[in-house]
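Coordinate analysis (summary)
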Amino acid sequence: MSLAPDTSDNPALNQAMRELDVILANAGVGVVFVKAKTLVRCNQRYAEIYGFASPEAAVGRSSVELYESEQDARSLGRRAYPLLAAGETFRSEQLMRRQNGELFWAHLTGRLINPDDAADGSIWIVDDIQERKLADAALADLHAEQQLIFDHAMVGIVFLRGRGVTRCNRAFEQLFGYGPGELDGRLSRTWYLSDDDWQAAGDRCYEPLSRGDSFHAEMLLCKKDGTPVWCEVRSKAIDRSDLLRGSIWITQDITARKLAAQELEQARAQLEALVQQRTEQLSQTVAELELKVAEQQAAEARAERLALFDGLTGLPNRHLLADRASQAIDIARRGDEPLAVLFLDLDHFKNVNDSLGHRIGDALLAQLASRLRGAVREQDTVARMGGDEFVLVLPLTDIAGAAHLATKLMALASAPFQVEQQELTVTPSMGIAMFPTDGDDFDTLCKCADAAMYRAKRDGRNAYRFFTSEMQAQSARALLLENALRRAQERGQLSLHYQPQFALEDGDQSRVIGAEALLRWQHPELGWVSPAEFIPIAETTGLILPIGEWVLREALSQLRRWDAAGLPQLTMAVNLSAVQFRHDDLPDLVERVLADVGIPAQRLELELTEGAAMDNPTVAITVMNELHARGVRLSIDDFGTGYSSLSYLKKFRVSKLKIDQSFVRELSDDAEDRAIVDAVIRMAGALGLQTLAEGVETEGQLAFLRRQGCQAVQGYLFSRPLPAEAFAQFMLARTSTAPAPLSAYAALP
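Residues numbered from 1 in each chain as written. Predicted model: local features only at pLDDT ≥ 70, side-chain atom pairs only at ≥ 80, totals over all residues. Heavy atoms only, no water.

Per an unreviewed UniProt entry, the protein goes by the name Bifunctional diguanylate cyclase/phosphodiesterase and belongs to Pelomonas parva.

**Observations regarding helix 10 (residues 349-356)**
Those residues of helix 10 that sit buried are F349, V352 and N353. Down the axis of helix 10, the buried side of the element spans an arc of 90°, and every buried residue falls inside it. Against the buried residues of helix 10 lie strand 11 (339-346), helix 11 (358-375) and strand 15 (422-424). Remark: G357 follows helix 10 within two positions and exhibits a positive phi of approximately 105°. (Buried < 20%, exposed > 50% of the residue type's maximum accessible area, 1.4 Å probe, protein only. Helix = DSSP H or I, 4+ residues; strand = E, 2+ residues; numbered from the N terminus. Arc of directions from axis to C-beta. Contact = heavy atoms within 4.5 Å.)

**Section: the UniProt feature "domain: GGDEF" (unreviewed entry) in the protein**
According to UniProt, the positions carrying the feature "domain: GGDEF" (unreviewed entry) are residues 337-469. End C-alpha to end C-alpha, residues 337-469 measures 22 Å, and it is 45% helix and 29% strand. (UniProt positions renumbered as here; feature names shortened; annotations may be inferred.)

**Describing the pattern of salt bridges**
Oppositely charged side chains may form a pair once their charged atoms are brought near each other. Summed over all chains, the structure comprises 41 salt bridges. The closest approach of N and O atoms between E182 and K224, which form a salt bridge, is 2.5 Å. Of the two residues, E182 sits in the loop between helix 6 (170-175) and helix 7 (195-211) while K224 sits in the loop between strand 8 (215-222) and strand 9 (228-237), which places them 42 residues apart along the sequence. Its relative accessible area of 28% is what places E182 among the partly exposed residues. Residue classification places K224 among the partly exposed residues on the basis of a relative accessible area of 46%. Between E482 and R486 there is a salt bridge, with its nearest N and O atoms 2.8 Å apart. Note that E482 and R486 are positioned in helix 14 (residues 469-488) at a spacing of four residues, about one turn of the helix. Since its relative accessible area comes to 43%, R486 is described here as partly exposed. Connected through salt bridges with shared partners, the residues E516, E607, K658 and E694 form a single ionic network. (Salt bridge = Lys/Arg side-chain N within 4 Å of Asp/Glu carboxyl O.)

Put into structure tokens, the structure is as follows:
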């Protein structure tokens, strides 16, 4: 409805008024003419804000009903009238009511049409500021949470600007012996031993802080009374582009640790000197007398051990094991006696070697071998097959006896190991096969025990399992799939399906922004094989590397073909397995494929599971940095199902967290899932990360995610994974159809 009077007898004025109507109709704020507390005319935006079906539907309605109460309407009138009557503009923020009863905050700007006669009515401009109010409240909550952390942190925290204290917590004051507020405004020189130390600290921290990196050091500082104190300090600039804005320093007292380390180092040096002195004395006394005998005995022992024993642990090797096991099985067969074969493997032992070195890992294996030898009888055989794999052959042992020994070995292997002043803890997985039930010869029993051990690992590790017929069937199925998978790629049995990913926009709108490439395998005899079944086999056999490269190349090539067909530019998400992520060539491979296909790096998003990222966080950070440097975006898939450390998560160069569908599935009914999803979204926002929820299947799930600020979703509510051609048709159907109208509640700002 027009806000202007009828001017049909004046063409020029009529044209101007029509232009004014257009402006008001398309204004971003509501405009209304009120006379005697009655809505006379309004524009379209005003009707939308208050939930009227149209501007015409608002005409004649009382303006009082738009307030929370009649008392609120009168209160605003009493505040507004003096200004309006003086010919001035009145502005205020007011809690208002929509037609559906919903309350919201609005900014009101009003002015009388004729200050000399209020009866002529007034013009009001209305702006919906509900979202801004909610954002201000959320920001206030965040500031309150940050203040609680600051006030109750167990470490000293201080903010410096121009090397002067702008703010510090009580823990920092107590660390250096100052009273509350005593350090405010003082230079950081206060807690340094000398001017030189203070100057050197500034020189050391300047370069990393100016790069935006953290500064980390151990420094000898001093308390108020002059007492020296060793501190571990960490610092970061508030704004690396403007160091004048200051920096934050976190300080912790490590004096006791430093003193203990110094004393330990002195004791070690004294002990080494004593050992060296005594060794030299003994060597001089016996060297000449025993040299020839020792050389001969060593040569004979070395030859025997190399042939039959493991050089690291002294246990029988696989050759001696096979001989002893065959003899024990022959005896058991003749006497119709039971016998057990037990396979033991350490869980995640690779992490020990990768993080601490093979020397520490070898020392741990030697200690474990000693424990195993001490736990069995004289007639039992304990052998090392290689790596961290051990085999025990146990004559005269039935199922109950094998279970009893396995329980005992679980406790022994899980007890802490002391290796070079380091306390290490590992867990074992064990598999047990019984003679003659599971096999009549050693090779068969070994295969069965090995299959049972891998079942223990799949069941969560740190456990033992007996071999069963079900494992035999699974092993046969796995072997069949492995052989078929080796030829699947060259025979064209592998394909990709693509599931659309949607950005959640204003109101109830959504827009396709990307696709996740999902690997599918259709075998001519086996039919569709589940990825959950064949991908672990591909990872175990190493086939995941050539298959993963094919997936990456095919997904990006399909993206290029969609571009050529005129589809909107999308991001392609490709999953990485842990095996691919650990491969040294991954960053170069990704860069090479992007160059071959001709797709910009920023349109590729590699998805890495939370568990794979945390398997070796240090290596993960290096690989992520290399991929990020090449322009490739990364996301953490299935977030919340693994064991992420937030201290590492903030170091990962990722841009998105994908909320696992196990949390999304029960959003409508499970308060705990809602709390988890809300926490993940808020945490991601605080870290500057985007969020995408997987497995969205209902409108209720979507509504909750939209309210909490989740930026993107995917799931059956929108589309199942589609073949490339069907995906293109899906996109064309969306782009050729006008967007769905906003619902009544979503039309309100």
